[in-house]
Amino acid sequence: MKSGRRVQKKEKTKRAILKAALELFAAKGFYATTTKAISKKAKIGEGTLFNYFETKEDLALYFLEEELAGVMDWHRTNKRLKKADLAEKLFAIIQHLLERLEPYEEFIGAVYMRALTPTSKLSPFSLEAQDRHLRYLRFIREILLEAEANGEIPAVGDFGAYAFGLFQLAILTHWLRDQSRGKEQTLALLDRCLKMATHFLRNGGWNW
Amino acid sequence: MKASQKNGALARGFRIGKLGFGLVGSYLGYQAQNLVLSESGRTERRARFHKKAAQQVSGELGALKGSMMKLGQLLSMQSGVLPEEALRELAALQMHAPGMHASLARAQFKASMGKFPEDVFREFDPEPFAAASLGQVHRAVTRKGENVAVKIQYPAIRSAIENDFKMVRSATFAPQLTGHLPTAAIDEVQRGIMEETDYVNEAKNLKFFREQLADIEWVTVPRVYEEFSSDRTLTMQFVEGRTLGRFLETKPSQKVRDLIGARLVELFEIQTTYLKAFHADPQPGNYLFQPDGGIGMIDFGCVKRLSVDWREFRRLHDEWGWRESEAAERRFLKIICGPNVPYEKARKVLPDLEAWWELKHPRGSGDYFYGQKIEPLLKKKIDAAKARAARTIFQNKLIEPEYTFLSRADMGLCFLLEQLGAVVNISEITRRVDAGPKTFKAIDS
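Here's a quick rundown of the structure.

**A closer look at the sheet that holds strand β5 (residues 219–220) of chain B**
Residue and element names in this part refer to chain B.
And then number 1: Read from one edge to the other, the open sheet built from three strands follows the order β5-β9-β8, with strand pairing classed as mixed. Each end of this open sheet is capped by a strand with a single partner; those strands are β5 and β8 (287–289).
And then number 2: With two bridges connecting them, β5 and strand β9 (residues 295–297) associate as parallel partners. Note on β9: the bridge partner recorded for Thr220 is Gly296.
And then number 3: Where helix α13 (residues 254–275) meets the sheet, it contacts β5, β8 and β9, and its direction lies at approximately 40° from that of β9.

**Here's the deal with the packing of aromatic side chains**
And then number 1: For the structure on display, the rule yields 28 aromatic pairs over all chains.
And then number 2: Residues Phe53(A) and Tyr62(A) carry aromatic rings whose centres are separated by 5.4 Å and whose planes lie at 55° to one another, so their mutual orientation is tilted.
And then number 3: Accessibility expressed as a relative area gives 3% for Tyr62(A), which makes it buried.
And then number 4: Every member of this aromatic cluster is reached through a ring pair, and the members are Phe268(B), Phe278(B), Trp310(B), Phe313(B), Trp320(B), Trp322(B), Phe332(B), Trp356(B) and Trp357(B).
And then number 5: The ring of Trp175(A) has Lys183(A) lying over it, and the distance from NZ or CZ to the ring centre is 5.2 Å.
And then number 6: The cationic tip of Arg106(B) hangs over the ring face of Phe116(B); the distance from NZ or CZ to the ring centre is 3.7 Å.

**Examining the pairing of strand β3 (residues 135–141) of chain B**
Where a strand is regular, its side chains alternate between the two sheet faces.
All names here are of chain B.
And then number 1: Burial analysis of β3 places six of its seven residues in the buried class, which makes it a mostly covered element.
And then number 2: In terms of strand pairing, strand β1 (residues 123–124) meets β3 through two bridges, oriented antiparallel. Looking at the pairing, Phe124 lines up with Ala140 of β3.
And then number 3: One ladder, built from three bridges, connects strand β2 (residues 130–132) with β3; its direction is antiparallel. Looking at the pairing, Ala130 lines up with Val137 of β3.
And then number 4: Here β2 folds back onto β3, and the loop between the two strands holds two residues, one of which, Leu134, carries a positive phi near 60°.
And then number 5: Two elements, β3 and strand β4 (residues 147–153), share seven bridges in a ladder whose sense is antiparallel. Paired with Gly135 across the bridge in β4 is Gln153.
And then number 6: Taking the residues between adjacent antiparallel strands as the criterion, β3 and β4 are bridged by five residues, where Gly145 takes a positive phi near 95°.

**With respect to the interface of chain B and chain A**
And then number 1: Each partner contributes residues to the interface: chain B has 29 residues there, and chain A has 24 residues.
And then number 2: Where chain B abuts chain A, roughly 2,400 Å² becomes buried across the two surfaces, and 53% of that area is made up of carbon and sulfur atoms.
And then number 3: On the surface where chain B and chain A come into contact, there are four salt bridges.
And then number 4: Linking Glu102(A) and Lys110(B) is a salt bridge whose minimum nitrogen-to-oxygen distance equals 3.8 Å.
And then number 5: Linking chain B to chain A there are eight residue pairs in polar contact (both at pLDDT 80 or more).
And then number 6: For the side of chain B that touches chain A, the elements supplying multiple residues, two or more each, are α2 (27–37) and α6 (102–113) of chain B.
And then number 7: With eight residues, α6(B) is the single largest residue contributor to the side of chain B that touches chain A.
And then number 8: Its residues placed into classes, the side of chain B that touches chain A shows 15 nonpolar, eight polar and six charged.

Cut-offs and rules
- Residues numbered from 1 in each chain as written.
- Chains lettered and ligands numbered in written order.
- Predicted model: local features only at pLDDT ≥ 70, side-chain atom pairs only at ≥ 80, totals over all residues.
- Heavy atoms only, no water.
- Pairing = 2+ DSSP bridges.
- Helix = DSSP H or I, 4+ residues; strand = E, 2+ residues; numbered from the N terminus.
- Contact = heavy atoms within 4.5 Å.
- Axes fitted to C-alpha atoms, helices over the stretch in contact; angles between N-to-C directions.
- Phe/Tyr/Trp six-rings, centres within 6.5 Å; stacked < 30°, edge-to-face > 60°.
- Buried < 20%, exposed > 50% of the residue type's maximum accessible area, 1.4 Å probe, protein only.
- Lys NZ or Arg CZ within 6 Å of the ring centre and 35° of its normal.
- Buried area = accessible area lost by both parts, 1.4 Å probe.
- Salt bridge = Lys/Arg side-chain N within 4 Å of Asp/Glu carboxyl O.
- Polar contact = N/O pair within 3.5 Å; in protein donor to acceptor, adjacent residues only side chain to side chain.
- Nonpolar A, V, L, I, M, F, W, Y, C, P; charged D, E, K, R; others polar.

This is the structure:
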């Protein structure tokens, strides 16, 4: 019980740090914000901050992890989506993620630039990032398995979830540069790509 | 779907894709994708059906086509400049967008209105109940409990159409330079399509017609809810009634059919005579019919302004007024052919028109009735004469755009009356409208 409470308290501190960091990122930008400023805002010592997050990149990773967890919770409680077809389910998942990220667009842009550096922890191909995304990828894998069981698509194996991860990244790229009102270009792109992909999967357009 | 068919659709997709603007930048790209996506060629079959229907119409009334078809004709004269598909799609009178599932419709509502439908309405049906120009219509209930219809446009589709026009412009640079394809013609068609698909413009039209037709108790023009509308979302009062096909399934009596037929004609006459603007989309889906003969007018995307004096046109046309003097003949031809066609050339059409009308409604034969039984031999003769007149007009390019739209609306009205099986005394209605209370205001006054 005691250790459970300790985990809870740790989680609370982590969230408080993230909240402080996000406010500063929004005000000053990702690069200009120092760890010192973050610890001051979160009312903790800089040393304590390092116990939780070694770098700002770790903070960003934690942020993404939290958002992805939020998407998973949202999906699990959405009853209407359970009856939707695969294309709509996947659409709703990415669209909901973008919805959550909307207030932090500038921060995401900075993280994205940083992620392009080969040595960055934020790179989607880094071990750290992949490790943290495992839960999310398993969640996607479950959805794909369900569609496989319904006969909506043929068996795609783990590759399906991995491909989805890359696709999500591509959509995020489009979303970041999308200047259309309400980012509706991204909505159209998302809709069309998913419709095409599920169509090809269903009809065996490609050999897997 | 046969393999060859599928390849055909794919190949077409890629061909159009080459001209396109990336994945979301082209309306034609959407059409190509729809072909690929079609389950067992359903969409393709539908496309073939549309084409066949279009051919029937154009065969019958060759000259009397919409301005978009006119662009198609202009461009096809430059054969080889553009793929056939691009022309056909852009020239199509009705624009179709891919369907939206509930999640996309919800997200697009937010993209255009800044809030999700559930944050704005008490209830919102995620399933659409009708298709609309480039979008779909959902039922909803406002916080105050009012039933509304919410029309949502597919995301980014108007900019996709604009891109296609850029493509048309760049691909037809040479013929534009030489003047074979007037740039103004492309401008006009583009302006028309963009206007028809702009929901702000449609809301304006709705308001105008609602105000003007408010005193006629048997017609309903829905109220616009501006607070829930933008250029891509249009929220209107929900209008009760059935579309033509569904209405006919209820087997309405001949009396009700005749009543509705007469009212449709009256509405057309009021619009052309007094409002100087008319609902120019002949689609039967734009009307809703109620059991007591009430009519709901929906979808005001395509409204055209009228510059001719309709009473004068009626007199010249229906009462053979153009035969009275050369001046009358000149005025009449100006209305049909426009001011730019020389009198000598325009005159060519008169013998054919006269022969047609003489068969259809001989001089001195009293009131003109629509829908009366005609013996088959006479009907054949009338149709042949009509086709001859249309050919003459078409071959000599004797047609004014405004008259084209009038003909299109008239054609739509005739189609509705025919489907209804209504018998209508047209002359009686025109007399009544002419004499009736003139409380209407013209659109630009």
